[in-house]
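Each chain, written out:
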Amino acid sequence: AKEDCMQLNPSLGGIAISSLLAIDISLSKRLGVCVGTLGSGAPMRSMVVLLSLSGHALTWFCGVLVCLWRSDTLAEQEVLVNLLLALTLDLMTIAGVQKLVKRRGPWDFPPGFLDHVAMDTYSFPAGHASRAVMVSNFLLTHLVLAVPLRILLYLWAVLAGMSRVLLGKHHLSDVSCGFALGLLHFSLVESVWLDSDTCQTLISIGTLRWTPLI
């Protein structure tokens, strides 16, 4: 009897996982209302695409680099360099896990040009969701914001992640795991925060103005 139970348990576990995955795929496909221009969510597709772009790696890397170029205080540069480190950690981790898992999206679309640029070519985990949660927590921690802005930042993080489901790029489980990874990346960067001197050294190296001590 014990042997029978041991043999049944793995199969029951497999059935449970398969059922959850089937529900995940089914719900994700139903929520893909902005897939193409003929779906039920076609009128709001443009807005959803903009939300998706707001969480894209290229958007944030370019934005942070421009802010770093225009910044003129050590405190600003310290925060921006650490945010750049967080974005790099997030990008490389997501790309690595996606390459290992190789899960396709609910509609199995081929990755576009911007997806290749961000190395976001597979579905699991969702890079936009991870990035949005990581960035929003970073900004909420290091910027003094009024309560309405703080609420909007949280709302943006959720909507940026969910926009990928509406566009048929990710499953709900991909986005959920992306949110969790974003929190993890934020915690990791906070634990290894680079001080101002280290940031200035990195800026000097990046701008080819670094002179090593001999």
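Residues numbered from 1 in each chain as written. Predicted model: local features only at pLDDT ≥ 70, side-chain atom pairs only at ≥ 80, totals over all residues. Heavy atoms only, no water.

Looking at an unreviewed UniProt entry, the chain carries the name Phosphatidic acid phosphatase type 2/haloperoxidase domain-containing protein, with the source organism given as Gasterosteus aculeatus aculeatus.

1. Remarks on the overall build of the chain
Inclusion rule: Helix and strand definitions follow DSSP, with helices as H or I runs of at least four residues and strands as E runs of at least two, each counted in order from the N terminus. Residue exposure (1.4 Å probe, protein chains only): buried if accessible area is under 20% of the type maximum, exposed if over 50%, otherwise partly exposed. Whether two residues are in contact is decided by their heavy atoms, any of which lying within 4.5 Å being enough. Only the protein chains shown count as cover for residues, and all accessible areas are computed by the Shrake-Rupley method using a 1.4 Å probe. The sign given to each residue is positive for Lys and Arg and negative for Asp and Glu; His and the chain ends receive no count. For this purpose, a charge sits on NZ of Lys, CZ of Arg, CG of Asp or CD of Glu.
Counting secondary structure elements, the chain contains nine helices and zero strands. Taken over the C-alpha atoms alone, the chain extends approximately 70 × 50 × 35 Å along its principal axes. Sorting the 214 residues of the chain into buried and exposed places 37% on the buried side. Expressed as a percentage of contacts within the chain between residues at least 6 apart in sequence, the contacts between residues at least 24 apart total 74%. Of the roughly 12,400 Å² of accessible surface on the chain, a fraction of 72% belongs to carbon and sulfur atoms. Each charge class in the chain was averaged separately, 14 positive and 14 negative side chains, and the resulting centres sit 10 Å apart.

2. As for the packing of aromatic side chains
For the record, the criterion: Any pair of Phe, Tyr and Trp rings, taking the six-membered ring for Trp, is counted once the centres come within 6.5 Å. Such a pair is stacked with planes under 30 degrees apart, edge-to-face with planes over 60 apart, and tilted for the rest. To sit over a ring, a charge needs its Lys NZ or Arg CZ within 6 Å of the ring centre and within 35 degrees of the ring normal.
For the structure on display, the rule yields two aromatic pairs. Consider the rings of tryptophan 60 and tryptophan 156, whose centres lie 5.9 Å apart with planes at 55°: the pair is tilted. A residue pair is termed long-range when its members are at least 10 positions apart, and tryptophan 60 in helix α3 (residues 57-70) and tryptophan 156 in helix α7 (residues 147-166) qualify at 96 residues. Under the relative-accessibility criterion, tryptophan 60 is labelled buried at 19%. Ring centres of phenylalanine 138 and tryptophan 193 lie 5.8 Å apart, and the angle between their planes is 25°; this geometry places the pair in the stacked category. You can see phenylalanine 138 sitting in helix α6 (residues 127-142) and its partner tryptophan 193 sitting in the loop between α8 (172-191) and α9 (196-206), a full 55 residues away along the chain. The class for tryptophan 193 is partly exposed, based on a relative accessible area of 25%. The ring of tryptophan 107 carries the charged tip of lysine 29 above its face, separated from the ring centre by 5.7 Å.

3. A short note on the UniProt feature "domain: Phosphatidic acid phosphatase type 2/haloperoxidase" (unreviewed entry) in the chain
Basically, it comes down to this: UniProt positions are given in the numbering used here, feature names are shortened, and annotations may be inferred rather than shown by experiment.
With numbering aligned to this structure, UniProt lists the feature "domain: Phosphatidic acid phosphatase type 2/haloperoxidase" (unreviewed entry) at residues 79-190. Annotated as residues 79-190, this span is 74% helix and 0% strand, and its ends, taken at the C-alpha atoms, are 11 Å apart.

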